[in-house]
Amino acid sequence: MNLQHWLGRANDAIQEWADTFGPYERHPSLLVEDDRFAAAFEEFTGRLKDNYPFFHPHYAGQMLKPPHPAAVVGYLTTMLINPNNHALDGGPATARMEREAVARLATMFGYDTHLGHLTTSGTIANLEALFVARELHPGRGVAYSADAHYTHGRMCHVLGVKGHPIPTDDRGRISLDALEDVLRTGEVGTVVLTAGTTGLGAVDPIHDALAIRDRYGVRLHIDAAYGGFFTLLAGADGPEGLPPEPWRAIARCDSIVVDPHKHGLQPYGCGAVLFRDPEVGRFYLHDSPYTYFTSSELHLGEISLECSRAGASAAALWLTFQLLPPTPDGLGRVLGAGRRAALRWSELISASDALELYQEPELDIVGCFPVVEPGTLTAVDAASARVLADGMADPDPVFLSTLRADREAFTARHPKIDADADGARILRSVLMKPESEHYVERLHDRVERLTRSL
Ligand SMILES: *Cc1c(COP(=O)(O)O)cnc(C)c1O
């Protein structure tokens with residue numbers, strides 16, 4: 001797809017539609033001369049250069065990459081109209097696209113009934129799921145693993161419910177024994193399980209938690225903001241295939257959050273929350289004196305805590321799904337490449353005497369640390385920080401990120417390291433671009449060389 005061509009077509013298509021409403025005059029207060037715009041634009045694009053090259057395979061740091069061109073064209077075309085998906089009055093076309101895109105997400109997870117909508121982020125999507133959980137279990141708290149996203153602890157505070165962090169095992173997954181100890185107190189009404197932690201991509205044992213749900217009468221909420229689309233690799237043939245059990249169990253859980261702006265090829269501003277029981281819509285119901293005039297159909301604003309939301313965001317997701325649907329043969333192929341890259345890199349790290357794997361990657365996030373003398377947490381921390389900084393400063397740069405591992409987590413995996421500090425930073429790489437598959441050898445060489453030259 002040639003972006004230049006399709007952005008021109010976008011402008012034409014919207015103009016053609018606009019012309020059917022007859023001519024009108026633009027107000028002079030809005031006019032901007034081209035030469036003034038040119039000057040502002042030059043300064044603007046100059047300032048945008050202060051960025052990391054998220055698009056390039058030598059950027060292997062955080063969860064960042066540009067959206068697919070189809071999403072860009074979908075977003076920009078729709079933005080020329082600027083519908084608001086709060087209500088059907090604000091944009092019937094994109095409200096319907098949102099319903100269809102959300103239904104595809106529900107199908108991807110195996111939900112046979114659902115109520116759901118897009119949100120501006122995973123944070124808001126999780127807030128909504130926890131809000132509904134609180135309404136259903138008033139006075140009871142929320143449990144989540146110590147490696148769950150920090151938003152859960154924070155949103156418990158916002159919602160006025162008690163948060164219960166639960167210890168993790170030596171792979172970063174929630175300990176079900178520790179969870180049961182807390183559930184026995186009867187204080188917890190909802191358990192958050194993470195399908196792909198933000199730090200290392202660990203997948204909680206969702207299938208084993210189903211029995212616990214039944215035993216203690218709790219809700220299960222799945223935070224799959226990062227990992228949700230990996231359900232497309234569950235049981236797949238080939239090295240990228242994932243153990244299917246936790247992913248298949250998601251269909252039996254009460255709510256799910258997934259971020260199309262992470263692994264769904266979308267620009268920021270696209271999260272999603274899904275509930276298995278459509279009846280929970282009753283907790284949102286409200287009357288707006290301003291909207292809901294054009295249709296007796298349910299308006300998205302009636303089932304969402306946010307009011308205004310970009311219709312463009314739904315349009316971008318819908319258009320992307322027409323081309324790269326959330327199926328094993330569609331988006332699954334994109335995720336499979338990153339997964340194979342992570343497996344290949346972890347093999348190279350395991351064979352290296354300069355680097356040590358922190359733990360086996362479950363998804364596409366690789367954690368490792370430099371082999372150092374003396375083997376102490378303090379030395380590991382300093383070496384990781386140096387590799388990060390030297391990599392970015394190099395004329396042929398490589399961009400990684402670091403993750404702070406606390407003492408207990410580190411020594412559970414690497415008992416030989418002397419725990420002389422509270423924890424240590426390790427190197428962390430999110431290989432979420434399919435291009436990483438053909439670049440990972442170079443990436444490894446670069447990081448190995450940076451480590452040797454410490
Ligand atoms: C990214 C992430 C979030 C937060 O989502 P945002 O879209 O950044 O607001 C929550 N949970 C997990 C597991 C995540 O990876």
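Conventions and cut-offs
- Residues numbered from 1 in each chain as written.
- Predicted model: local features only at pLDDT ≥ 70, side-chain atom pairs only at ≥ 80, totals over all residues.
- Heavy atoms only, no water.
- Salt bridge = Lys/Arg side-chain N within 4 Å of Asp/Glu carboxyl O.
- Near = heavy atom within 4 Å.
- Polar contact = N/O pair within 3.5 Å; in protein donor to acceptor, adjacent residues only side chain to side chain.
- Areas by Shrake-Rupley, 256 points an atom, 1.4 Å probe, with all protein chains shown as cover.
- Helix = DSSP H or I, 4+ residues; strand = E, 2+ residues; numbered from the N terminus.
- Pairing = 2+ DSSP bridges.
- Axes fitted to C-alpha atoms, helices over the stretch in contact; angles between N-to-C directions.
- Contact = heavy atoms within 4.5 Å.
- Parallel < 35°, antiparallel > 145°, perpendicular 65-115°, else oblique.
- Left-handed = near helix turned anticlockwise from the far one by under 90°.
- Phe/Tyr/Trp six-rings, centres within 6.5 Å; stacked < 30°, edge-to-face > 60°.
- Buried < 20%, exposed > 50% of the residue type's maximum accessible area, 1.4 Å probe, protein only.

Concerning the pattern of salt bridges
- Overall, the coordinates contain 23 salt bridges when judged by the stated rule.
- One salt-bridge network, held together by shared partners, links R213, D214, D254 and R276.

Section: the site of the ligand
- Taken together, 13 residues are adjacent to the ligand, and T123, D223, D259, H261 and K262 come closest.
- Residue G122 places a main-chain N or O atom 2.8 Å away from an oxygen atom belonging to the ligand.
- In this structure, an oxygen atom belonging to the ligand sits 2.6 Å away from a side-chain N or O atom of D259.
- Compared with its free state, where it exposes 380 Å², the ligand has 89% of that area covered by protein.
- Among the elements of the structure, α5 (122–136) and α10 (260–263) are those that each provide at least two residues to the shell around the ligand.

Structural notes on the sheet that holds strand β5 (residues 219–224)
- A sheet is described by the order of its strands in space; here 7 strands give the open sequence β1-β7-β6-β5-β4-β2-β3, paired in mixed fashion. Only two strands of the sheet have a single neighbouring strand rather than two, namely β1 (115–119) and β3 (163–166). Taken over all neighbouring pairs, the strand axes of this sheet differ in orientation by 20 degrees on average, direction set aside.
- Bridge count for strand β2 (residues 141–145) against strand β4 (residues 188–194) is 3 bridges, and the pairing is parallel. Bridge pairing in β4 places V142 opposite T190.
- Lying on the sheet, helix α6 (residues 151–159) is in contact with β2, β3, β4 and β5; it crosses β2 at an angle near 170 degrees.

So, the sheet that holds strand β11 (residues 423–430)
- Strand order across the open sheet formed by 4 strands is β8-β9-β11-β10, with antiparallel pairing between neighbours. Of all the strands in the sheet, just β8 (355–359) and β10 (401–406) have a single pairing partner and so form its edges. Mean inter-strand twist for the sheet, computed between neighbouring axes without regard to direction, equals 45 degrees.
- Pairing geometry for β10 and β11, over 6 bridges, is antiparallel. Residue pairing across strands places D406 opposite G423, the latter belonging to β11.
- In the packing of helix α12 (residues 331–350) onto the sheet, contacts are made with β8, β9 (365–370) and β11, and the angle to β8 comes to roughly 130 degrees.

Looking at the packing of helix α4 (residues 92–109) against helix α11 (residues 311–323)
- Closest axis-to-axis distance for the α4/α11 pair is 8 Å, and the angle between their directions is 50 degrees. Between α4 and α11, the angle falls in the class oblique. When you trace α4 past α11, the crossing you get is left-handed. In this structure, α4 uses T94, M97, E98, E100, A101, R104 and L105 to contact α11, whose residues at the interface are G311, A314, A315, L317, W318, F321 and Q322.

Observations regarding the packing of aromatic side chains
- Under the criterion given, the structure shown has 11 aromatic pairs.
- Ring centres 5.9 Å apart and planes at 70 degrees place the aromatic pair F131 and Y284 in the edge-to-face group. One end of the pair, F131, is in helix α5; the other, Y284, is in the loop between β7 (271–275) and α11, and 153 residues separate them in sequence. Like F131, the residue Y284 is buried in the burial classification.
- Look at F369 and F410: their rings are 5.0 Å apart centre to centre, the planes differ by 55 degrees, and that puts the pair in the tilted class. Residue F369 is found in strand β9, and its partner F410 is found in helix α14 (residues 407–413); the two are separated by 41 residues along the sequence. There is no split in this pair, since F369 and F410 are both buried.
- Here a set of aromatic residues connected by ring pairs shows up, and it is made of Y52, F54, Y59 and F399.

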